[in-house]
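# Coordinate analysis (summary)
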Amino acid sequence: MTKTYNEINQKIKSGEVVVVTAEEMIKIVEEDGIKVAAEDIDVVTTGTFGPMCSSGAFLNFGHSDPPIKFEHLWLNDVKAYHGNAAVDCYIGCTRMSDVRRFEYGGGHVIEDLVSGKSIRLRGNSYTTDCYPLAEIDTEFTLDEINQAILLNPRNAYQRYVCAVNSSDRSLYTYMGKLLPHYGNAHYAGAGCLSPLSNDPDYETIGIGTKIFLGGGSGYIIGEGTQHSPTNQFGTLFVKGDLKQMNSEYLRGVSFEKYGTSLFVGLGIPIPILNEGLAKKTAISDSELLTDIVDYGIPRRDRPKLRQITYEELRNEYIELNGKKVKCSSMSSQYYARKIAETLKKWIQEGKFFLNQPAETLPTDTIFKPMKQILEIKFVKDLKRKAIICYDDCELKTIAKRIINHNMNHIVITDRENTLKGIVTSFDITKAIAEEKTDIKEIITKKVITTSDNDPIDVAARRMKQNYISALPVIDENKKVVGIITSEELI
Amino acid sequence: MTVMNITLPFGVIKDISDYSRFINEILKFDITLNILKFSTGTSGINLLIDIPDDKIKSITESLKKNNIIVNKKGRIIIDTEKCIDCGACISLCPTDALNFDSEKRLKFYYERCIGCLLCLDSCPRYAIEEM
Ligand code: SF4
Ligand code: SF4
């Protein structure tokens, strides 16, 4: 059995088309079998609604009088990119406001624009003979500008990882707030509703495919950046007219201590041209796998703890190292469903037709890492020998060591070399002033540490964040293997 | 039993004897006391304790008298206009006060909230507000 795009579009026209969502398709195939489902069902709709950092919009304001050629411009204090003709710009969703910083960014500007709010435009120029205006400060709404085109170079990740944190402090990431010691888990992606998981071989999803984008319609214009279909991390490059979109499906967000982004609603209709597509669109959460990744290790290749299905992720708790860990999503299942349902309705009502891709997308690309010409340095390359005293020694011994070794930080261990604390020259001075004699009264027990394989930049950031100037280097058994101080970092 | 969230301010608890004084303060109500969680916060030691329902009032009063902070229940509100039902807050909540309803929309169960405020900075929409 095969169908053509034309046949399906004829059915949409005559109102006979049978459309179901990817969630509904699972049951249909289970009950009726692939053969019957392929005959009965014409289109399967998908949907996803999550933070998509590679999103933004091209805007054209028209010319002022006298004309200006922007050198720098801001929309509600968020800097827009300008490297095109005089009054074109691109507002990227992760750019944060110069004034409100983490609270408001390019994603919020796009949401405000689509919801009809007035946006303040400020810009300046070095001026030319043809563009003499040096500065402008004005306001505009979406209706008042020429073009507003959502243009997202990387959307609709086929799947995403599940993030956990092994470190000893809370991490604020683009995967949300991750509690220490595997305190919680966050995942993203729409699972069985994810567009690319329903057509993983890119039979129907290609350049020119018409899609649901931000509450309006848009098009796929190519593979997304970092497109990596070989390991199920395919992505899409999409565009659509902001003027017909709906702010319910374009929401600016701020991730604490990470930055801003944009939640984008995206859905793709998949024509059931053959039995193969009927089978693929019936994929369930239990068949979709992703990795649990430790964000506690601040490296590109973060350790993968294990594989997990989306079905397990949908439970409230996941199992990790024999422990129950509370797990929740970063992307909305409610809205993913709503998008698939809306798209279904549009097709049923004859408002949305399908088209054959002009060109298919590559299925063999991989995502290469950045080439770095300077070798990255690790703590083990720059650490020095820690000056150690035992936790039952006298303050005098510590003071002597500080002088003899010209070292500000003395690491305190037990006889087995296990880290017990740290004492600085300032602590000693204070002890003398306050006439204290017991090491227990002056030792700092909660020590911020690092390990051999931490990159130097990670150690430096940790010192800066904690306003300290040295970190003992410890191994996995808390044995002291050195110290790194701010002096080594200069 | 009811979970209560209390903070022992750093100034109030200086050593172990202060700590046992405070525990005795609760034990004098002749109850079994479960300490569910013990953590050090920015302003003091946070304790999640499990106490019998009928003793809430008297224990609260006695703790307050000893300068111990009893955090209110239901200390947050969700602005449903701003909420996008992403779920990013759910995994932070130790008591399942934040959870999805059957439609997968965020639901806040006021009576389960112990006011720990762990969820507060997890919401990318600033939809969670402290009361
Ligand atoms: S995490 Fe938030 S909702 Fe849950 S108990 Fe704490 S304050 Fe209440
Ligand atoms: S994190 Fe915020 S937006 Fe997301 S579900 Fe919770 S309250 Fe709603």
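Residues numbered from 1 in each chain as written. Chains lettered and ligands numbered in written order. Predicted model: local features only at pLDDT ≥ 70, side-chain atom pairs only at ≥ 80, totals over all residues. Heavy atoms only, no water.

### Examining the overall build of chain B
Across its full length, chain B holds two helices and eight strands. Listing each helix as α and each strand as β along chain B from the N terminus yields β-α-β-β-α-β-β-β-β-β. Each of the three principal axes of chain B carries a C-alpha extent, and together these read 50 × 30 × 20 Å. For chain B, the proportion of its 131 residues judged to be buried stands at 51%. (Helix = DSSP H or I, 4+ residues; strand = E, 2+ residues; numbered from the N terminus. Buried < 20%, exposed > 50% of the residue type's maximum accessible area, 1.4 Å probe, protein only.)

### Examining the site of ligand 2
Lining the immediate environment of ligand 2, one finds Cys83(B), Ile84(B), Asp85(B), Cys86(B), Gly87(B), Ala88(B), Cys89(B), Leu106(B), Cys123(B), Pro124(B), Arg125(B) and Ile128(B). Of the residues assigned to the shell around ligand 2, the class counts are nine nonpolar, one polar and two charged. (Near = heavy atom within 4 Å. Nonpolar A, V, L, I, M, F, W, Y, C, P; charged D, E, K, R; others polar.)

### Structural notes on the interface of chain B and chain A
If you look at the interface, chain B gives 24 residues, while chain A gives 30 residues. Overall, the association of chain B and chain A removes approximately 2200 Å² of surface from exposure, summing both partners, and the carbon and sulfur fraction of that is 49%. When the buried area of chain B at its contact with chain A is split by residue, Ile84(B), Ser91(B) and Asp121(B) rank highest and sum to 26% of it. Where chain B meets chain A, there are three salt bridges. Linking chain B with chain A are 19 residue pairs in polar contact (both at pLDDT 80 or more). In terms of residue class, the side of chain B that touches chain A is built from 11 nonpolar, four polar and nine charged. (Contact = heavy atoms within 4.5 Å. Buried area = accessible area lost by both parts, 1.4 Å probe. Salt bridge = Lys/Arg side-chain N within 4 Å of Asp/Glu carboxyl O. Polar contact = N/O pair within 3.5 Å; in protein donor to acceptor, adjacent residues only side chain to side chain.)

### Regarding the pairing of strand 32 (residues 470-474) of chain A
Most of strand 32 of chain A is tucked away, with five of its five residues classed as buried. Between the end of strand 32 of chain A and the start of strand 33 (residues 480-485) of chain A, which pair antiparallel, lie five residues, with Lys478(A) showing a positive phi angle near 65°. (Pairing = 2+ DSSP bridges.)

### Points about the pairing of strand 16 (residues 184-187) of chain A
Residues and elements named next belong to chain A. The two faces of strand 16 match: Asn184 and His186 on one face and Ala185 and Tyr187 on the other face are all buried. Taken together, the two bridges between strand 13 (residues 162-164) and strand 16 define a ladder with antiparallel strand orientation. Looking at strand 16, one finds that Ala163 is bridged to His186. The pairing of strand 16 with strand 27 (residues 323-329) spans four bridges and is parallel. Residue pairing in the sheet places Ala185 in a bridge with Cys327 of strand 27.

### Thoughts on a negative patch on the surface
Together, Glu30(A), Glu31(A), Asp32(A), Glu39(A) and Asp40(A) make up a region of like negative charge exposed at the surface. For Glu30(A), the position within the fold is in helix 2 (residues 22-40). (Patch = residues over 30% accessible without salt bridge, like charges linked within 9 Å, V, L, I, M, F, W, Y side chains within 5 Å. Areas by Shrake-Rupley, 256 points an atom, 1.4 Å probe, with all protein chains shown as cover. Lys, Arg positive; Asp, Glu negative; His and termini not counted. Charge placed at Lys NZ, Arg CZ, Asp CG, Glu CD.)

### Some remarks on the side chain of Ser328(A)
You can see Ser328(A) is positioned in strand 27. Among the polar contacts listed, one links the side chain of Ser328(A) to the backbone oxygen of Gly87(B), at a separation of 2.8 Å. Dropping the residues within four chain positions of it, Ser328(A) is found in contact with Ala185(A), His186(A), Tyr187(A), Gly87(B), Ala88(B), Ile90(B) and Ser91(B).

### Details of the packing of aromatic side chains
Residues and elements named next belong to chain A. Counted according to the given criterion, the structure contains 19 aromatic pairs over all chains. Between the aromatic rings of Tyr81 and Tyr90, the centroid separation amounts to 6.4 Å while the plane-to-plane angle is 45°, which identifies the pairing as tilted. A residue is classified by how much of its surface remains accessible, and Tyr90, at 16% relative accessible area, is buried. Ring centres 6.2 Å apart and planes at 85° place the aromatic pair Tyr157 and Phe233 in the edge-to-face group. Taken together, the residues Tyr157 in the loop between strand 12 (147-155) and strand 13 and Phe233 in the loop between strand 19 (216-223) and strand 20 (236-241) connect sequence positions 76 residues apart. Owing to a relative accessible area of 25%, Tyr157 belongs among the partly exposed residues under this scheme. (Phe/Tyr/Trp six-rings, centres within 6.5 Å; stacked < 30°, edge-to-face > 60°.)

### Description of the site of ligand 1
Ligand 1 sits among 13 residues. The nearest are Cys93(B), Cys113(B), Cys116(B), Leu117(B) and Cys119(B). A breakdown of the residues in the shell around ligand 1 according to their chemical character gives 11 nonpolar, two polar and no charged.

### Digging into the nonpolar core
Residues and elements named next belong to chain A. Judged by nonpolar contacts, the single largest core of 96 residues is most densely connected at Met25, Leu59, Phe61, Leu75 and Leu242. Tallying contributions element by element places helix 7 (residues 333-348) first for this core, with eight residues. What Met25 contacts, discounting residues up to four positions off in sequence, is Val20, Ala37, Ile41, Val44, Ile272, Ala278, Thr281 and Ala282. Ile398, Ala431, Ile439 and Ile442 belong to the second largest nonpolar core, which has 24 residues in total. (Core = buried A, V, L, I, M, F, W, Y, C linked by side-chain atoms within 4.5 Å.)

### Some points on the environment of Leu47(B)
Here Leu47(B) lies in strand 3 (residues 44-51). For the pair Leu47(B) and Ile35(B), spaced 12 residues apart in sequence, the C-alpha to C-alpha distance is 6.9 Å.

The values reported here are purely geometric and, on their own, carry no functional implication.
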